[in-house]
Amino acid sequence: MESVWHSPLTGRALTADTPHSLRGEGGERWPVVEGIPYLRSGRKDLVALSLDRLDAGDGDGALVALLSDQDDWWRGPATDEGELRELVARRGELTLREAMALLRFGPVADYFAYRWVDPTFLAGLALLEAHWQAPATAFELAGGIGHYARELGGRGVACVSADIVFAKCWLARNWVAPDAQYVVFDAKDHWPAGERRFDLVQCHDAFYFLPDQERVAARLRDAVAPGGVLAVSHVHNAGYRNGTKGPARPGHEWATIFPDARVFDEEDLLRSLMEACAPIPTDWTDDPEIEAFSLVEGADTPARPVEGGLALPPTDAKLRPNPLLGDGAGHDAVSWPSQRYREEYGRGCFWAIADDSLGVSVARDPVRLRRLVDLPERW
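So, here's what we can say about the structure. Computed from a prediction, not measured in an experiment: that's the story for all the values here.

1. Observations concerning the packing of aromatic side chains
Inference 1: A full pass over the atoms with the stated rule returns 18 aromatic pairs.
Inference 2: Both rings, one in tyrosine 114 and one in tyrosine 341, keep their centres 6.1 Å apart while their planes meet at 70 degrees; by these two values the pair is edge-to-face. In this pair, tyrosine 114 sits in the loop between helix H5 (107-113) and helix H6 (119-130) while tyrosine 341 sits in helix H12 (residues 339-345), placing the two residues 227 residues apart along the sequence. A single burial state applies to tyrosine 114 and to tyrosine 341, both of which are buried.
Inference 3: Ring plane angle 65 degrees and centroid distance 5.6 Å describe the contact between phenylalanine 185 and tryptophan 191, whose orientation is recorded as edge-to-face.
Inference 4: Residue classification places tryptophan 191 among the buried positions, given a relative accessible area of 7%.
Inference 5: Site record: aromatic cluster; members linked through ring pairs are Phe105, Tyr111, Phe112, Tyr114, Trp336, Tyr341, Tyr345 and Trp379.
Inference 6: The ring centre of tryptophan 5 lies 4.7 Å from the NZ or CZ of arginine 196, which sits over that ring.
Inference 7: The ring centre of tryptophan 254 lies 5.7 Å from the NZ or CZ of arginine 249, which sits over that ring.

What follows is the structure, given as structure tokens:
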């Protein structure tokens, strides 16, 4: 895939002035560490420090510097330089969970470690599978540590995954989806892909907290190639009776941002995965029973049954027992990583439910139920 990156400040193409940096027309320079361009504005001192270390031949020092960065709304503990140096020195032997512990990701580490079995991720896979058009290329905004890049890459899709946090892209490259391209930037700036267009453009479980959502939606739309699909999963419904776990909007506001979208109740997407059937579209609404919506634009055929494909592991995957499950069935047998995790995801974890409490006929296939899962080798 073409990999010409564009300046977050001017939108103009950048050129490689060294193997470890990119330069713009006005003399601006940006670091490239382990193949990941760091194009985040508002981090002038960090950019300068990273470039100084790279220019001096200290690639590990530059890596440690960038791994210390977080998003502006992070409220967790600060990183420790000694732990980061340990992480860099031992990255070939550590597990993903050990790496996230050294990064001090806290509850975010639980979210990433168990995302392969959480209902929000599974609903996103069902959304993509129901509107699958065999994309050759994909772009993901707020791609995190590469969960979707891994699933798509395993089906031959060339992926570009972008995030505002360098450490997440670095984890993705080293532990989760090494074949994807990664880039760090802030969605409020010029986007680094320039005029490139993609068969699939996506943003999963992240759009609801992005600022200037109308503008971001337009930029996502602009990145879709002719005949391509835009997919956005898990945007919160302000009318949900139990309250949402993040920023939410009423239905009419979402309808203003995505007026041409095909919309789904996230729970119905989960039902379609469990029952191998087609999800049923709904309308933007304030229905108190709907916690979150997912949507697509550009799909030219009705939603298809979620029978396999992207929604299930590849046939050659080495499956392992779901790491949250004990010997029995039901919520009492689950080793939840935290009460906070259980409160947010427990109700939708079909593999932990022995009865029909969500109103669906739960399949008994252990793979579809995620009693067996396809985890990264060094999970």
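Anyway, onward from the coordinates.
2. A few points about the sheet that holds strand E2 (residues 21-23)
Inference 1: Sheet architecture is open: four strands sit in the order E1-E2-E3-E4, paired in antiparallel fashion. Of all the strands in the sheet, the pair left with one neighbour each is strand E1 (15-18) and strand E4 (36-37).
Inference 2: Pairing of E2 with strand E3 (residues 29-33) involves three bridges; the strand directions are antiparallel. Across the sheet, arginine 23 pairs through a bridge with arginine 29, a residue of E3.
Inference 3: Contacts from helix H1 (residues 44-55) reach E2 and E3 within the one sheet, and its direction differs from that of E3 by about 60 degrees.

3. Some points on the environment of glycine 82
Inference 1: On the secondary structure map, glycine 82 appears in helix H3 (residues 81-89).
Inference 2: Glycine 82 sits 18 residues away from valine 64 along the chain, and the two C-alpha atoms are 9.4 Å apart.

4. Some points on unusual backbone geometry
Inference 1: With a phi angle near 60 degrees, alanine 142 is a residue other than glycine that sits in the positive phi range.
Inference 2: If you trace the backbone, alanine 142 turns up in the loop between strand E5 (137-141) and helix H7 (147-153).
Inference 3: One non-glycine residue, alanine 276, lies in positive phi territory at about 55 degrees.
Inference 4: Mapped onto the secondary structure, alanine 276 falls in the loop between helix H11 (266-275) and strand E12 (292-297).
Inference 5: A relative accessible area of 29% means that alanine 276 is categorised as partly exposed.

Parameters and conventions
Residues numbered from 1 in each chain as written. Predicted model: local features only at pLDDT ≥ 70, side-chain atom pairs only at ≥ 80, totals over all residues. Heavy atoms only, no water. Phe/Tyr/Trp six-rings, centres within 6.5 Å; stacked < 30°, edge-to-face > 60°. Helix = DSSP H or I, 4+ residues; strand = E, 2+ residues; numbered from the N terminus. Buried < 20%, exposed > 50% of the residue type's maximum accessible area, 1.4 Å probe, protein only. Lys NZ or Arg CZ within 6 Å of the ring centre and 35° of its normal. Pairing = 2+ DSSP bridges. Contact = heavy atoms within 4.5 Å. Axes fitted to C-alpha atoms, helices over the stretch in contact; angles between N-to-C directions.

Geometric descriptors of this kind do not, in isolation, establish any biological role.
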